[in-house]
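Chain by chain, the residues:
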Amino acid sequence: MKTYRFLTPLLIVIAAFATACGGDDGGKDEPEPPGPQIIEVTSITLSHTSLNLVPGATQQLSATIAPANATNKTVKWESTDKSVATISSSGLVKAIADGTTTIIATAGNKSATCEVKVESVPVVTVIGETATVDLSLGASVAQLQDEINEADEQGVTEYKLVGEAKNLGITSAKGAKNVFANTNAKVIDMSQVTGWPTITKSALYNSNHSADAAYMTEELPGIPAEYFYKKNSTIKEIILPTEVQAIGEKAFCEVSSLEKLTAPGIKIIGSQALQATGLKEINLPNATTLGCAWAYYCRNLTKVTLSSASYVGVNGLAVCPQLKSVSIPNLKTLEGFTFTNCSALTDVNLPNVKTLKEGEFNECTSLTAINLPLAETIGITSGNYVGPFYKCTALTNVSLPKAVTIGLLAFEGCSALKQISLPSATTIHNKAFYNCTALTSVSLPEATNIKESVFEKCKALKTLSLPKAIEIGANALSNTSRLQSLILTASGNIEFADQGYTFDSSMIDLTLNSNKQSEVKYGYQWNDLDWLSISFQ
């Protein structure tokens, strides 16, 4: 029992010591380490506190945050009136329209402002009857239109433009906005305008003139399609810079008042681009490609010079009733109806043309002579077409020294034609000289094939020399009542078809090759026809 009493106080002391020293179950927790310190924004300062801008202009704003080590330096931007000016997430201000707005930049709980005033600057300066339009001042197209309308009311007749085409609203789009659509001006000088849009190939012709596609392969800066189309009836002169190299299809079509176009850099003119304008003279020294009907029905046009042109589309200069003189020295092919119904045309310079297709000079009733020194094919040889010289009623003299093929109806109805030189022609197709009532003498030294009705109704024809002909088609000599001499001296077999009841061989002296003597019967009968006489060579 004594031992027990001794241990008890000792255990109490030990327990008290353990409690005082702390333990896993009863010790006091240590404090946690402190978190990261948040540094608040104390101020925000903008690079500009006020701005004066014109519509369309931009200005970059920047924000300075204090302190530099602020925890969150993200800036939020806003405009109190977005119809006046907008602000991007990076601080770019864009002026929209006249007025005032406030740009607010916020970072944390601090903000700063910039007052923005947008005010249009006049771009049209009027002195007397002339107005200068400065496109570099950033005016909107709507502002330009308003100022041009005001200038018109002040009696302005001439506009001179300086600056970039895009600021005039000119784009590559068909029928792009034209601020001169309803102007009363007479002269539009764009010679100092730069940055013209590229005119795509598809904007140079339409589905009705797909033949142009093979030739219009370049995409060049210029006037967009239909830009002035049917839009104005007072403009008399337009001046373009050298930079403009293409004119889109119908760009000036039916601007009937337009009398003069200065375009020194033009290379390509789209289909119908100048159709039905009032142009009096066209001189485009660098133009190489001109689309279908490009100058169709220019009723005041008198002279055309295209020094570099290598392609002129169908109906290119058709129905220009006052056109007198044409010079296209490098052109090799007339594509069809090129000068049809140019009733005043008298002077034609086409020294390198080799091919004429359908209706090229159809009813050019003032044309008296034609000389095409390199032409080889004159007209179409199949189908039912209009001849290239159909009803050229004043034509008296034709020189085609290289022509090999004379197509259908080539000279039909050339009622004044008296002389024709075709020293190389081998094939003369149907009705080539049908109803050429003044033709008196024809010599075709190389012709082998004379098709149907070639000389039908050539009522004045007296002598016809066909020394190599081996084919005389049906009715080729029908209704040639004055024919007196026919030379057919080919050594081979001659196919001489029925000439109809109006052909009277008994009035004609026939000359044959000497090897045909055995074919002659009963005195002067050959090919079952009686002739006035038959001689041999």
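Since this is a predicted model, take the numbers as computed values, not measurements. (Residues numbered from 1 in each chain as written. Predicted model: local features only at pLDDT ≥ 70, side-chain atom pairs only at ≥ 80, totals over all residues. Heavy atoms only, no water.)

**Q** Before we move on, could you go through the sheet that holds strand 29 (residues 377–378) and cite the residues and values that matter?
**A** Read across the sheet, eight strands follow the order 25-27-29-31-33-35-37-39 without closing on themselves; strand pairing throughout is parallel. The two strands at the open ends of the sheet, each matched to only one other strand, are strand 25 (333–334) and strand 39 (495–496). Note: strand 25 against strand 27 (residues 355–356), two bridges, orientation parallel. Counted as the bridge partner of Thr333 is Thr355 from strand 27. (Pairing = 2+ DSSP bridges. Helix = DSSP H or I, 4+ residues; strand = E, 2+ residues; numbered from the N terminus.)

**Q** Summarise the pattern of salt bridges; cite the residues concerned and give the values.
**A** In total, this model carries eight salt bridges according to the counting rule given. A salt bridge links Glu119 to Lys117; the shortest N-O distance between them is 3.9 Å. Across the pair Glu335 and Lys357 runs a salt bridge whose closest N-O atoms are separated by 3.0 Å. Remark: Lys357 occurs in the loop between strand 27 and strand 28 (369–371) and Glu335 occurs in the loop between strand 25 and strand 26 (347–349); sequence separation between them is 22 residues. Note on Glu335: relative accessible area 17%, which makes it buried. One network of salt bridges, with partners in common, ties together Lys174, Glu226 and Glu249. (Salt bridge = Lys/Arg side-chain N within 4 Å of Asp/Glu carboxyl O. Buried < 20%, exposed > 50% of the residue type's maximum accessible area, 1.4 Å probe, protein only.)

**Q** An account of the nonpolar core is needed here, citing residue identities and associated values.
**A** With 122 residues, the main nonpolar core has Phe361, Phe411, Phe433 and Phe455 as its most contacted residues. Among residues more than four places away in sequence, those in contact with Phe455 are Phe433, Leu439, Val442, Leu444, Ile450, Leu461, Leu464, Ala476, Leu477, Ser478 and Thr480. (Core = buried A, V, L, I, M, F, W, Y, C linked by side-chain atoms within 4.5 Å. Contact = heavy atoms within 4.5 Å.)

**Q** So what about empty space enclosed by the protein? Which residues, and what values?
**A** Under the defined criterion, the tally for this structure stands at one cavity of 30 Å³ or more. What the largest cavity holds in volume is close to 40 Å³. Of the residues contributing to the lining of the largest cavity, the split by class is five nonpolar, no polar and one charged. (1 Å grid on protein atoms, 1.4 Å probe; cavity = no way out; pocket = protein on both sides within 12 Å on 5 of 7 lines; lining within 4 Å. Points joined across faces, edges and corners; volume = space filled by probe spheres on them. Nonpolar A, V, L, I, M, F, W, Y, C, P; charged D, E, K, R; others polar.)

**Q** A description of the pairing of strand 2 (residues 50–53) should follow, citing residues and the corresponding values.
**A** Across a regular strand the side chains alternate sides, sitting on one face of the sheet and then on the other. Burial of strand 2 is one-sided: the residues Leu51 and Leu53 facing one way are buried, the residues Ser50 and Asn52 facing the other way are not. Across four bridges, the pairing between strand 2 and strand 9 (residues 110–118) is parallel. Paired with Ser50 across the two strands is Glu115, which belongs to strand 9.

**Q** Please set out the sheet that holds strand 23 (residues 311–312) residue by residue, giving values where relevant.
**A** Ordered in space as 14-15-17-19-21-23, the six strands form an open sheet in which the pairing is mixed. Each edge of the open sheet carries a strand with a single partner, namely strand 14 (198–199) and strand 23. Where strand 14 meets strand 15 (residues 220–223), two bridges bridge the pair, whose relative direction is antiparallel. Pairing of Ile199 across the sheet is with Leu220, part of strand 15.

**Q** Would you mind going over unusual backbone geometry in detail, with residue names and values included?
**A** Residue Pro67 is bonded to the preceding Ala66 through a cis peptide linkage, with omega at -5°. Relative to the elements of secondary structure, Pro67 occurs in the loop between strand 4 (63–66) and strand 5 (76–79). The backbone of Lys230 sits at a positive phi, close to 55°, despite the residue not being glycine. Tracing the backbone shows Lys230 in the loop between strand 15 and strand 16 (237–239). Its identity is not glycine, yet Ser453 carries a phi of approximately 55°, on the positive side. Secondary-structure assignment places Ser453 in the loop between strand 35 (449–450) and strand 36 (463–465).

**Q** Residues and numbers for the packing of aromatic side chains, please.
**A** On inspection of all chains with the given rule, the structure shows 14 aromatic pairs. An angle of 10° between the planes, with centres 3.8 Å apart, marks the rings of Tyr215 and Tyr311 as stacked. Note that Tyr215 is positioned in the loop between strand 14 and strand 15 and Tyr311 in strand 23, a separation of 96 residues in sequence. Looking at Tyr311, the relative accessible area reads 3%, which means it is buried. Ring geometry for Phe411 and Phe433: centres 5.3 Å apart, planes at 0°, overall stacked. Remark: Phe433 occurs in the loop between strand 33 (427–428) and strand 34 (441–443) and Phe411 occurs in the loop between strand 31 (405–406) and strand 32 (419–421); sequence separation between them is 22 residues. An aromatic cluster of at least three residues, connected via ring pairs, comprises Phe339, Phe361, Phe389, Phe411, Phe433 and Phe455. (Phe/Tyr/Trp six-rings, centres within 6.5 Å; stacked < 30°, edge-to-face > 60°.)

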